[in-house]
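Structural features, examined
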Amino acid sequence: CQPQRHDEQGHNVADQQNNNKQAPTNVSIIRLMQVMHIDEQIQSIVNGQQAAMDAINMQTQQQAQNINQQANDKPLNKRQRQLQEQIQSVLGQYAKIMSNGIGNATDAQTLTQAYISAAKTYYTQSEVDAQIKFYDTEMGQSILAKQPQITAAFLQQSLPQDTSETENQLSELLPQMKQIVKGIF
């Protein structure tokens, strides 16, 4: 039987080596999620998705009302009524597809399981333990609190400052789109 080796802190070296290869437990990953506020981010994503679905549905309803209003301004012939029905059908399908795509994407439990699965794929138990140990300190929490500002500053500095060309191109398209809709009705 070989004697056990210990590091400077008295920890068993063989245990540490096994821990360096061992997949993290669900409990430790959930603790990491709490310490890093990932659970709060997941809830924000879920809330944002619901807001996006609501906005898509509202936008689709407004577009349908605009089409109906234009139709009410002038009597429609048979072809125009058919086009109106087709446009409303497409808008309805668009709203349904977008809502289903967003709605099927996530709920808090699905996102949590996805994070756990990803963490188990890439982290070892030792790495998760080290992150919990660091992020559960005052310094770790301070760093986490600054991440959104750093990300925002990075994106602001990395994105083009002058978007006037894009805005000009879009503003040129709007009258054309309005003309097409007017031509239909």
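Residues numbered from 1 in each chain as written. Predicted model: local features only at pLDDT ≥ 70, side-chain atom pairs only at ≥ 80, totals over all residues. Heavy atoms only, no water.

**Observations concerning the overall build of the protein chain**
Secondary structure summary: the protein chain contains 8 helices and 0 strands in total. When the elements of the protein chain are put in sequence order from the N terminus, they spell out α-α-α-α-α-α-α-α. The buried share among the 185 residues of the protein chain stands at 23%. Taking the contacts inside the protein chain whose residues are at least 6 apart along the sequence as the reference set, 81% of them involve residues at least 24 apart. (Helix = DSSP H or I, 4+ residues; strand = E, 2+ residues; numbered from the N terminus. Buried < 20%, exposed > 50% of the residue type's maximum accessible area, 1.4 Å probe, protein only. Contact = heavy atoms within 4.5 Å.)

**Regarding unusual backbone geometry**
Positive phi values are uncommon outside glycine, yet histidine 37 reaches one of about 65 degrees. Look at histidine 37 and you get partly exposed, because its relative accessible area is 27%.

**Focus: the environment of threonine 121**
Tracing the backbone shows threonine 121 in helix H5 (residues 108-122). As a C-alpha pair, threonine 121 and proline 24 span 97 residues in sequence and 9.0 Å in three-dimensional space.

**So, the confidence of the model for the protein chain**
For the protein chain, the average pLDDT comes to 76, and 56% of its residues sit at 70 or higher. Ranking the elements of the protein chain by mean pLDDT puts helix H1 (residues 13-21) last, at 62, and helix H6 (residues 125-135) first, at 97. (pLDDT = per-residue confidence, 0-100.)

**Observations regarding the nonpolar core**
In terms of nonpolar packing, the biggest core is built from 15 residues, with Ile29, Met33 and Met36 touching the most fellow members. Going through the elements one at a time, helix H2 (26-35), helix H3 (38-73), H5 and H6 are the ones with two or more residues in this core. Sort the elements by how many residues they give to this core and H2 lands first, with 4 residues. (Core = buried A, V, L, I, M, F, W, Y, C linked by side-chain atoms within 4.5 Å.)

**Describing the side chain of serine 28**
With respect to the helices, strands and loops of the structure, serine 28 is situated in helix H2. A relative accessible area of 9% places serine 28 in the buried class. Here serine 28 is in contact with Gln125, Val128, Asp129 and Ile132, once residues within four sequence places are set aside.

**Here we look at the packing of aromatic side chains**
Taken as a whole and judged by the stated rule, the model has 1 aromatic pair. Between phenylalanine 134 and tyrosine 135, the aromatic rings sit 5.1 Å apart at their centres with planes inclined by 70 degrees, giving edge-to-face as the arrangement. (Phe/Tyr/Trp six-rings, centres within 6.5 Å; stacked < 30°, edge-to-face > 60°.)

**Some thoughts on the pattern of salt bridges**
Side chains carrying opposite charge are able to pair once their charged atoms draw close together. Taken as a whole and judged by the stated rule, the model has 1 salt bridge. Between arginine 31 and aspartate 136 there is a salt bridge, with the nearest N and O atoms lying 2.9 Å from each other. With a gap of 105 residues between them, arginine 31 in helix H2 and aspartate 136 in the loop between H6 and helix H7 (138-158) connect regions that are remote in the sequence. (Salt bridge = Lys/Arg side-chain N within 4 Å of Asp/Glu carboxyl O.)

**Details of the environment of asparagine 20**
Inspection of the secondary structure puts asparagine 20 in helix H1. If near-sequence neighbours (up to four positions away) are discounted, asparagine 20 is found in contact with Thr124 and Ser126.

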